[in-house]
Each structure stands twice: as C-alpha cells, then as structure tokens.
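Each chain, written out:
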Amino acid sequence: SGPRSAASVHPQVGVTAQKTMRLLPASGKKATQKVVVGDQDGVVTCFGIKKGEAVPVFKTLPGQKISRLELGGALNTPQEKIFVAIGSEVRGFTKRGKQFLSFETNLAESIKAMYISGADLFLCASYIYNHYCDCKDQHYFLSGDKINDVLCLPVDKVNCITPVLACQDRVLRVLQGSDLLYEVELPGPPTVLALGNGNGGDSGEEIVYGTSDGKLGLTQITATKAIPRWEIGNEKKRGGILCIDSFDILGDGVKELLVGRDDGMIEIYNFESADDPVLRHDYALSESIASIQGGCVGKDGYDEILAATYSGWLTGLTTEPVHREGGSGEELKLSQEMQNKISSLRNELEQLQIKVLQEREKYQQSSQSSTAVSSVPAFSVNDKFTLNKDDASYSLILEVQTAIDNVLVQSDVPLDLLDVDKNSAVVSFSSCDSEPNSNFLLATYRCQANTTRLELKVRSIEGQYGTLQAYVTPRIQPKTCQVHQYQIKPLSLHQRTHSIDQDRPMNTLMLKGQFSFAEIHSWVVFCLPEVPEKTPAGECITFYFQNTFLGTQLESTYRKGEGYFKSDNISTISILKDVLSKEATKRKINLSISYDINEESVRHTLKLIHPKLEYQQLLAKKVHLIDALRELQVHEGSVDFLLPKYRSILEEADQLLEEYKRQPAHLERLYGMITDLFIDKFKFKGTNVKSKVPLLLEILDGCDQHGLIAFFDAA
C-alpha cells in the first residue's frame with residue numbers, strides 16, 4: 001500500500017522558494033535523517049523528528065531571501081555539506097550549522113538556480129550560466145531565454161562535465177565548457193530538472209524534466225544528441241511541476257518518481273513496465289509544493305515523503321501503519337503517545353491564543369497613542385500568469401502566505417472570465433462604464449476561510465491590448481492590499497513553438513526603416529507573449545508562434561532595419577501592421593511598410609474556424625432546447641416518443657450545460673474572428689466593408705461553410 005498522510009505536520013518556517021528543502025544523509029547508527037530548509041527570511045533551519053516532535057539542530061540568523069539549497073561534499077562521500085544561494089552569494093554550512101564558506105560571485109543578478117558536484121559549482125542568474133571550480137571562474141554562457149534550472153551529469157559515470165540548462169523557451173541546452181553542444185526541444189517550458197533514478201540511470205545520461213504546464217519526461221543526454229525515452233502529458237489538467245525526487249517509497253526495490261506540483265498535488269509514479277512510469281498514488285495539499293524528498297525522518301524503519309509548501313509548512317506522508325484498536329462499538333482508543341501529543345498541542349494553542357489577545361491589545365493601545373506610527377504589514381504573493389494551449393485561456397494563480405480575504409480583478413480591455421472547477425471563491429461583478437475610465441471588467445472574488453491559493457481563468461481578444469490588475473487583500477490587520485499587473489498583449493493568444501508548417505498559404509508583412517535590432521525586438525516583445533525581454537545575441541533572429549485558439553501560425557524574422565512577419569491568418573498580419581506602425585510613430589521612426597496578401601489564406605483560415613463554429617452552434621442549439629425537453633418530460637412522464645437525438649440531449653443535459661457555462665462567449669468570439677477576417681481581407685485592398693457585416697452575421701447563423709466562402713469571395 002502507498003504512503004498515508006500521517007499526523008506529521010512538521011514546523012512552519014518562512015515562505016520557501018522552489019528546491020530549498022533537503023534531507024541530510026543518515027549518520028552513524030541512527031537511521032533517521034535530519035531536515036534542512038532555507039526560507040525567504042534568509043534563515044537556514046535544521047531539525048530532526050523525535051516522537052513526532054521537531055527537535056532543532058541549528059538555525060541561522062535572518063537575512064536576504066534564500067533562492068536555492070543544495071547538498072554537497074567530496075565525490076563518492078556522504079553529501080552532508082549544506083550550500084545556500086542568497087542574492088549573488090553562495091554560503092556553505094556543516095551539518096552542525098557552522099559556516100565554512102562565503103563566496104561572493106559578483107553576478108549582476110540574484111542566483112536563480114544552483115547545482116553542486118564535488119568541487120564544481122554551477123550557478124544561473126536570469127540568462128547567465130557560470131561554472132566555478134573551487135570557487136574559481138571556469139566557464140560562462142549566455143542563454144537565449146531565461147534559465148529555470150541547471151544540473152550536471154554525474155562526472156564519475158560520463159567522465160566529463162556536461163551541464164544541462166532548463167530554459168523558458170521550451171528547450172534544454174546542453175553545454176561543453178562555455179559552448180552550446182546542442183539543444184533539446186521539449187513539449188513545454190521546463191521548470192525543474194533531476195537526474196533519472198537519482199543518479200542518471202545506468203549510463204549516467206538520464207535526465208527527468210517537469211514543465212510549467214504539468215508535463216513530465218525523461219531524455220537521455222548523450223555526447224552528440226538527446227534520445228527521448230518517455231513523456232507523460234498532463235491529461236488531468238493539474239498544476240505545473242516544481243520539484244522531483246527519486247526514492248523507493250513502496251519498498252519494491254525500484255525507486256519511484258516523486259513529483260510536487262504548483263496546485264498542491266503530490267504524485268508517486270512507479271516503473272511497473274520498467275519503461276514508462278505509472279501514477280500509483282496522489283495526494284492533495286492546499287498549497288504549491290516547493291520541494292519534495294523521500295527518506296526516513298519520523299521513525300526508524302518507516303520511510304516517508306516530505307514536502308515543503310510555499311508558505312513554509314513541512315508535511316510528511318509516511319509508510320508507518322496508523323494503528324487503530326477497535327474498542328466497544330465505534331470507539332477508538334488512542335495510544336498514550338498520541339494522547340500526550342494532543343494535550344501538548346492544546347496547551348500550545350491556548351498559549352498562542354493568550355499571546356494573540358495580548359498583542360492585539362498592545363497594538364490597539366499603540367495605534368491610538370499620540371506617537372502612533374502607521375505600519376503596513378508586508379506579505380508575500382506568489383503569482384503565475386500563463387497561457388493554456390488546450391483552451392486558449394490565461395490562468396492567473398495567486399498564492400499568499402496567509403489566508404486571502406478577497407481579490408478584486410480589473411481590466412482596461414475586454415476579457416471573458418471562465419469557470420474554474422477548483423475555485424471555491426464567490427465571485428460578484430460590478431457594472432463598468434468603459435468610456436471615462438476604460439474599465440471593461442470589474443469582479444471581486446471573496447474567499448472562504450483559510451484559502452491561500454486562488455486560480456482564475458480569463459480569455460482575451462486578439463487586437464485588444466492593455467493591462468489586467470489584481471488587487472490582493474489577505475486576512476491580516478491592519479487591512480492591506482497589494483496590486484499585481486499583467487500585460488494582455490496584442491497577439492495574446494499566440495504561443496511559442498519550435499517549428500511551423502511551411503506549406504500553408506502565407507501572407508507577408510515587410511517593415512523597413514531606421515530602427516535598431518533592440519528597437520524592433522522591443523516591439524515584438526510588446527506584441528507577443530513568451531518572447532525573452534533581452535535582445536537576442538547575433539544580428540538576426542526568427543521566432544515561430546501558433547495561435548492557441550485557431551491553430552493558425554506566425555513566423556517573425558527581423559534584424560536591424562528590417563522585419564518580416566508571415567502568417568496564414570490575415571488578421572494576425574493586420575494587428576501587427578497597426579501596432580508596429582503605432583510603436584514606430586511613438587518613437588518618431590519612419591517605417592516603410594509593404595505586404596503580400598495571399599487570397600487562398602482566407603479560405604484556409606475559414607476552414608480552420610468552421611468545425612469550431614459548427615460545434616459551438618450545435619452546442620448552443622442543444623442548450624436552448626433543454627428546458628423545453630425537460631418540460632415535455634414532466635408533462636408526458638416518459639420520453640420514449642422523442643426522436644433519439646432529442647433523447648440524447650436530455651441524457652447529456654448536465655454535461656452540455658456545464659460545457660456551455662465554462663465557455664460563456666465562445667460563439668461570440670468565433671463570430672468576432674470571422675468578422676475581423678472579412679474586414680481585414682478588404683482593408684488590405686483599400687475597401688471598407690463594415691456596411692456588409694450584418695449580412696455576414698446572417699450567413700453565419702445559417703452555418704453554411706460554402707455560402708460563407710462564397711460571400712467572402714463575392715463581396
């Protein structure tokens with residue numbers, strides 16, 4: 001059987017970043033391991049567990065926030081030296097808490113990722129990778145996009161230093177010295193790397209990666225190329241992966257894969273078929289899992305999975321059987337140890353309540369005194385705003401270190417709020433006057449008690465760009481609010497991709513003018529998501545994109561003085577033309593704009609939209625029939641006389657209503673896209689066809705693909 005949730009919720013530390021908790025190797029006869037964790041208050045805490053209680057070993061003084069914590073030591077010896085990354089500095093502590101290293105790297109930015117192998121230290125800031133040996137600079141590499149994680153293949157197995165960078169542009173970059181050896185394309189942006197089986201497998205070349213859109217895979221990094229071994233999609237639509245460990249928790253002699261996600265899911269995969277992992281157990285916590293480790297912590301002989309969550313809780317899932325001795329009837333006898341634990345917890349709770357009352361009184365008195373100074377309590381918010389490929393919507397995830405009271409969402413561009421199953425908050429909308437304040441959305445989410453994580457979904461309209469703002473108010477006194485802003489870009493539904501289909505009919509937009517490479521790059525960053533803010537190295541760059549709603553594509557190639565944008569969707573070209581001219585005008589740059597329009601592309605785009613249109617129209621028709629059919633059912637008592645297609649509508653009524661509710665304005669959006677396509681087609685010919693739009697809408701209601709294409713051709 002799998003691990004259970006035990007009553008082993010260990011102490012709380014400060015807010016923790018990804019990969020900042022590790023288990024020290026067991027020393028001597030004692031088989032239990034000590035836990036070491038670094039938090040955003042800059043404190044390194046080390047403790048053991050005895051009879052279910054935390055026993056401190058050491059605790060450092062607070063300081064700058066800790067972004068990573070790794071264990072190290074000489075190769076092939078127990079890895080029991082503790083290394084933490086703080087700002088641009090790496091500090092080393094012994095297992096007793098004595099500091100033996102303070103290495104100031106002189107990096108211009110804070111360290112985001114760190115890996116240690118013997119005397120080799122691998123560090124990454126946003127785009128920069130550095131390799132040090134015995135704290136001496138060895139190699140340097142500038143990545144094309146942000147680096148999320150780094151590791152090095154085991155030197156004792158592969159006989160050379162092979163660093164691997166996990167980069168935001170859906171690529172693993174494999175290095176040799178200061179040079180790029182090759183790139184490995186991944187299905188999503190990798191957020192975390194781990195050695196396969198904890199040691200790189202038999203070859204030492206196996207790497208497990210997790211992505212921000214929840215995919216998991218293993219690839220073999222050979223000297224010349226990568227060989228993909230397996231990949232697991234995110235069918236259950238769970239959160240992004242933040243941490244991975246390998247540990248034999250099921251006791252079958254084979255290490256399982258332990259995975260922690262940003263929606264609080266802990267998963268255990270085992271290798272039954274020896275090839276692809278199978279999900280054996282999962283367990284849900286209410287906060288994102290920042291670090292995960294397998295080991296023996298609480299009780300000798302019983303392994304457990306230890307997880308550190310964002311707000312600093314450490315939770316153990318143990319293999320120890322939870323004994324329940326049946327008394328008379330349903331009565332359960334608690335062991336003496338458990339009774340003692342409960343009474344000590346009660347005492348602790350009473351003490352805390354008294355302390356809270358005293359502090360509250362103290363605060364009230366000081367706030368009313370003549371020398372009162374207003375103090376705003378600081379709180380930490382972990383946010384993530386990402387485009388989902390599956391349903392072309394944006395997910396906004398807000399996680400706060402204390403319970404959330406409410407979140408107000410405001411936008412100056414039209415957005416649809418979509419339903420989220422996991423969301424228990426009550427939403428209320430305020431009417432907006434879009435004219436003077438350019439408010440298109442005002443909604444308040446009131447959270448239930450103890451909610452620390454809120455997930456919202458919005459869908460934008462391409463061509464309409466601006467800012468989405470979230471005002472986050474936690475349940476703390478005095479009332480304080482933090483504002484977080486998210487850019488909705490002109491081509492907001494486009495996502496980076498590795499390649500495109502070159503055989504599609506394409507429209508081309510060409511720009512020429514007195515602009516630098518950095519200037520045109522900043523315009524592309526303004527227009528499109530997932531483009532690195534840093535100007536790329538070299539003289540020229542090409543990016544490929546796919547529209548997540550329609551499946552149309554875009555290729556953008558540009559250099560100093562010229563830019564080429566190709567798309568099979570004429571509306572994409574139209575939006576780019578308008579926004580790029582506006583941006584150039586702001587900077588007083590004269591642009592020479594020319595375009596090459598392919599008539600065939602309009603038909604091609606209509607054919608891509610049509611199946612979606614047909615499906616949504618049919619769904620809307622079915623939903624409108626449900627009430628009438630239900631009334632018939634009540635009156636007649638039976639529905640046997642109905643045609644099979646109507647009977648199936650009644651049988652599927654709940655699913656149909658659920659789907660319709662989840663995608664409120666889907667049909668309107670499709671009508672809008674077809675209308676834009678119609679207007680844009682003729683705009684490039686210099687004709688204004690807005691007067692013909694009502695006629696187009698009539699044809700759309702008829703849902704006839706041939707009639708629609710004929711109308712586009714004839715107009």
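About the thresholds
- Residues numbered from 1 in each chain as written.
- Predicted model: local features only at pLDDT ≥ 70, side-chain atom pairs only at ≥ 80, totals over all residues.
- Heavy atoms only, no water.
- Helix = DSSP H or I, 4+ residues; strand = E, 2+ residues; numbered from the N terminus.
- Rg over C-alpha atoms; globule rule 2.2 N^0.38 Å.
- Buried < 20%, exposed > 50% of the residue type's maximum accessible area, 1.4 Å probe, protein only.
- Contact = heavy atoms within 4.5 Å.
- Lys, Arg positive; Asp, Glu negative; His and termini not counted.
- Charge placed at Lys NZ, Arg CZ, Asp CG, Glu CD.
- Patch = residues over 30% accessible without salt bridge, like charges linked within 9 Å, V, L, I, M, F, W, Y side chains within 5 Å.
- Areas by Shrake-Rupley, 256 points an atom, 1.4 Å probe, with all protein chains shown as cover.
- Salt bridge = Lys/Arg side-chain N within 4 Å of Asp/Glu carboxyl O.
- Domains from an automatic or database assignment.
- Buried area = accessible area lost by both parts, 1.4 Å probe.
- Polar contact = N/O pair within 3.5 Å; in protein donor to acceptor, adjacent residues only side chain to side chain.
- Nonpolar A, V, L, I, M, F, W, Y, C, P; charged D, E, K, R; others polar.
- Pairing = 2+ DSSP bridges.

S.K.: Give me the lowdown on the overall build of the protein chain, citing residues and values where you can.
M.R.: A count of helical and extended segments in the protein chain gives 11 helices and 45 strands. A globule of 715 residues ought to have a C-alpha radius of gyration of about 27 Å, and the protein chain, at 29 Å, matches this closely. Residue burial in the protein chain is summarised as follows: out of 715 residues, 50% are buried. Counting contacts in the protein chain only where the partners sit at least 6 residues apart, residues at least 24 apart contribute 56% of the total. Averaging the coordinates of the 77 positive side-chain charges in the protein chain and doing the same for the 92 negative ones gives two points 4 Å apart.

S.K.: A description of a positive patch on the surface should follow, citing residues and the corresponding values.
M.R.: Judged by side-chain charge, K34, K50, K51 and R96 come together as a positively charged surface patch. Within the fold, R96 resides in the loop between strand 8 (89–93) and strand 9 (99–104).

S.K.: An account of the domain arrangement of the protein chain is needed here, citing residue identities and associated values.
M.R.: Domain assignment breaks the protein chain into domain 1 (6–318), domain 2 (387–486), domain 3 (494–597) and domain 4 (604–714). The distance between the C-alpha centroids of domain 1 and domain 3 comes to 38 Å. Opposite the nine residues of domain 1 that make contact, domain 3 presents seven residues. Summed over both sides, the interface between domain 1 and domain 3 buries roughly 750 Å², with carbon and sulfur atoms accounting for 51% of that surface. Contact with domain 3 buries surface across domain 1, with Y127, R170 and E185 losing the most and accounting together for 59% of the total. Taken together, the links from domain 1 to domain 3 amount to one salt bridge. Inspection of the domain 1/domain 3 interface yields five residue pairs in polar contact (both at pLDDT 80 or more). Each residue belonging to the side of domain 1 that touches domain 3 can be placed in one class, and the counts come to four nonpolar, one polar and four charged.

S.K.: If you had to explain the pairing of strand 27 (residues 302–309) to someone new, which residues and values would you point to?
M.R.: Buried residues dominate strand 27, accounting for six of its eight residues. Bridge count between strand 26 (residues 289–299) and strand 27: seven bridges; the pairing is antiparallel. Residue pairing in the sheet places G294 in a bridge with I305 of strand 27. Between strand 26 and the antiparallel strand that follows it, strand 27, lie two residues; G301 among them carries a positive phi value of about 95°. Looking at chain direction, strand 27 and strand 28 (residues 313–318) are connected through five bridges and run antiparallel. Its bridge partner being in strand 28, E304 is matched across the sheet by T318.

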